[in-house]
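A closer look at the structure
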Amino acid sequence: MRREMQVELIRRARSTIGRGESEMSSEPGHVPVQHYIDPDRLAREREVLFRRFPIVVGFSSQVARPGDFLTHDYTGVPILVVRDSEGELRAFLNVCRHRGAHLKREASGKGCEHLVCPFHGWAYDLKGRLQSIPDPAGFPGVDADQRSLVPVSVYERGGLVLAIPTPGLEVDIDQFFGSILTDLETFGFDQFMMVRPSVRTRQLNWKLHMDATHEIYHLASLHGTTAGSGYFNNISLFDCEPPHARVVLPQASVLELDDAQPDEWNIREHCGMLYSLFPNTCILVHAGYVQVLSPFPVDTDTTVLVGGMLVPKGPVSNEEAFERKFHYDTYWKTMEEDMLICESMQATMRSGANDELILGRYEQVVTQFHANVEDALTGSLTASKK
């Protein structure tokens, strides 16, 4: 993050703490309950949000060297990302052009020289070109050039790997993510490595998890002994850059900074920062660590939550290993508290008690998120282009 932005945010944080009141929107928001239980709406969300927008599918450290690969199936489209022999990152549909088997089933792997189908042995190079067919006499007239793997657009920024699941679509990734992406890149997370990946399935609508992550109004009541113990009660800064957002959570140490030396201020030492990358990824930057979590819908009431922790590369001391484990455990205890309450909410959605959910002025990023979803579904918000 640029030095001027760090100073500006810290000053805003100190002012907000002094007022004893979080930044707020001018009016409350509302979300129809039907948006969490309507299967037709979910089908549109999956088709638009999870097929036509750039989706975080993995981490740079998983595909750091030629032959490294990762796979991703959670959008409903099987994706294979691989670093080719020249160091270029490529992505394809993870589908053999013979009979449609997955080429790779592992979540990630290292050092492959070819992509070989486990069913019949059709082999592709790391650029996706068909190289060999066992017993080729059985396939007269097959044009290898027409049987290359189907490519999809892939991008690498700030330690993240993003792909657009629909073949033929592209995006100006820098324009789409704007300064939110610039922030993440300046932190140097491309030099971090992913550790302790997590995949968890819960009985909740994917948007409920996004709702909970986008506000801190609930920290004191729900997370009093976990994440809520490290921050002020309901004090935060909001910067919406639709369709993305940044939430800053100041800690008590921000008040101890020397006013005369703003050039020495480091926001990562005194604030937690939550970055929301539309449509479904939340990135928490806290105390030198990064937690990335993305919910993917299975049906209206079921979500798979895919996450990973980014940490600096290199050897660590016992003290550092303990610190990492502490942050990891605290994060997931907090997330499990969110998931349990969201499962409880999902279970009441069809009760008839509410026609809509009200979002307070403190929950403005949630309101903005739902407006972004609506804009995407109606076509007024787009990311990709032919």
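Predicted model, so just to flag it, every value in this text is computed and none were measured.

**Some remarks on helix α2 (residues 39-52)**
In this model, α2 (14 residues) spans 19 Å end to end at C-alpha, consistent with the 20 Å of a helix rising 1.5 Å per residue. Residues Arg41, Leu42, Glu45, Val48, Leu49 and Phe50 constitute the buried set of α2. Among the structural elements, β2 (55-59), α4 (206-213), β17 (289-299) and α7 (364-378) are those in contact with the buried residues of α2. For α2, the side-chain oxygen to backbone nitrogen distance between the N-cap and aspartate 40 is 3.0 Å, and the N-cap itself is aspartate 38.

**With respect to the environment of proline 165**
Along the chain, proline 165 falls in the loop between β11 (160-163) and α3 (173-186). Assessed through its relative accessible area of 1%, proline 165 is described here as buried. Between the C-alpha atoms of proline 165 and serine 344, which are 179 residues apart in sequence, the distance is 32 Å. If sequence neighbours within four positions are ignored, proline 165 has contacts with Phe50, Arg51, Phe53, Ile55, Thr75, Val77, Ile79, Leu93 and Val152.

**Here's the deal with the pairing of strand β5 (residues 89-93)**
The buried count for β5 comes to four of five residues, which makes it a mostly enclosed element. Adjacent in sequence and paired antiparallel, strand β4 (residues 79-83) and β5 are bridged by five residues, among which glycine 87 carries a positive phi angle near 90°.

**Section: the environment of histidine 270**
Here histidine 270 is to be found in the loop between β14 (244-250) and β15 (271-277). Given the relative accessible area of 11%, histidine 270 is considered buried. Along the primary structure histidine 270 and leucine 169 are separated by 101 residues, whereas in three dimensions their C-alpha atoms are 40 Å apart. Contacts of histidine 270, omitting those with residues within four sequence positions, involve Leu249, Pro250, Gln251, Ser253, Val254 and Leu257.

**With respect to the pattern of salt bridges**
Tallied over the entire structure, the rule returns 25 salt bridges. Via salt bridges that share partners, Arg12, Glu23, Asp183, Asp239 and Arg246 belong to a single interconnected network.

**As for the packing of aromatic side chains**
Enumeration over the complete set of coordinates arrives at 13 aromatic pairs. For the pair phenylalanine 189 and phenylalanine 192, a centre-to-centre distance of 5.1 Å together with 65° between the ring planes defines the contact as edge-to-face. Here phenylalanine 189 matches phenylalanine 192 in class, with each residue buried. In textbook terms, an aromatic cluster arises when at least three aromatic residues are bridged by ring pairs, as seen for Phe50, Phe53, Tyr74, Phe176, Phe177, Trp206, Phe278, Phe296 and Phe369.

**Observations concerning α7**
With 15 residues, α7 extends 21 Å from end C-alpha to end C-alpha; this agrees with the ideal 21 Å at 1.5 Å per step. Along α7, the residues that are buried comprise Gln364, Val365, Val366, Phe369, His370, Asn372, Val373, Ala376 and Leu377. As for α7, its buried residues are in contact with β1 (29-32), α2, α4, β13 (237-241), β14 and β19 (356-359).

**Some thoughts on the side chain of asparagine 94**
Position of asparagine 94 relative to the elements: it lies in the loop between β5 and β6 (108-109). A polar side-chain atom of asparagine 94 sits 3.0 Å from the main-chain amide nitrogen of leucine 103. Polar side-chain contacts of asparagine 94 include one of 2.7 Å to the backbone oxygen of lysine 104. Aside from chain neighbours lying at most four places away, what touches asparagine 94 is Thr71, Pro78, Ile79, Leu80, Ala101, His102, Leu103 and Lys104.

Cut-off values and rules
Going along each chain's sequence as written, the residues are numbered from 1 onward. It should be noted that, the model being predicted, local features are given only for residues of pLDDT at least 70 and side-chain atom pairs only at 80 or more, the latter also being counted only at that level, while totals for whole chains, interfaces and linings use all residues. To obtain the side-chain values, all non-hydrogen atoms of the structure were included, while hydrogens and water were left out. Secondary structure elements are taken from DSSP: a helix is a run of H or I of four residues or more, a strand is a run of E of two residues or more, and numbering for both begins at the N terminus. To estimate how far a helix should extend, the number of its residues minus one is multiplied by 1.5 Å. Think of it in three bands: residues with accessible area under 20% of the maximum for their type are buried, residues over 50% are exposed, and the middle band is partly exposed, with areas taken using a 1.4 Å probe on protein chains only. In what follows, a contact means two residues having at least one pair of non-hydrogen atoms within 4.5 Å. Polar contacts, as counted here, are pairs of nitrogen or oxygen atoms within 3.5 Å of one another; within protein the pair requires one atom able to donate a hydrogen and one able to accept it, and residues that are adjacent in sequence qualify only if both atoms are side-chain atoms. Any two strands are treated as partners once DSSP identifies two or more bridges connecting them. Salt bridges are counted wherever a side-chain nitrogen of Lys or Arg sits within 4 Å of a carboxyl oxygen of Asp or Glu. Between 30 and 60 degrees the pair is tilted, below 30 it is stacked and above 60 it is edge-to-face, where a pair is any two Phe, Tyr or Trp rings, Trp via its six-membered ring, whose centres lie within 6.5 Å.

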